[in-house]
Amino acid sequence: MEPKRVIDSIRGTVCGNLRRELIVDSFKVRPIKDFGAITQGSHQFCDTKNNLCNVSSEFTFVWENRNDT
């Protein structure tokens with residue numbers, strides 16, 4: 001599928017209809033010496049119309065420290 005169609009599909013189905021909430025107890029930060037950190041955890045996706053949160057997923061982000069930012 002071409003990128004524009006994917007983005008349009010997401011805008012039409014996800015944007016404004018779902019919100020993402022962190023599962024606080026799952027959140028971990030692991031420093032990487034002389035580089036930055038890795039954050040990991042789980043979040044759930046909630047339907048904004050009926051406030052149901054029935055889909056969860058794990059995430060991992062790599063953060064690079066550049067000039068203390």
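This text follows the structure it describes.
Since we're looking at a predicted model, the values are computed, not measured. (Residues numbered from 1 in each chain as written. Predicted model: local features only at pLDDT ≥ 70, side-chain atom pairs only at ≥ 80, totals over all residues. Heavy atoms only, no water.)

Trainee: Explanation requested: the state of the cysteines in the structure shown.
Mentor: For the structure on display, the rule yields 1 disulfide. Two residues, Cys 46 and Cys 53, share a disulfide whose sulfurs are 2.0 Å apart. Judged by the torsion about the S-S bond (105 degrees), the Cys 46/Cys 53 disulfide is right-handed. According to the relative accessible area criterion, Cys 53 is partly exposed, its value standing at 31%. No disulfide involves Cys 15; its sulfur sits 16 Å from the nearest other cysteine sulfur, which is in Cys 46. Residue classification places Cys 15 among the partly exposed positions, given a relative accessible area of 49%. (Disulfide = S-S within 2.5 Å. Buried < 20%, exposed > 50% of the residue type's maximum accessible area, 1.4 Å probe, protein only.)

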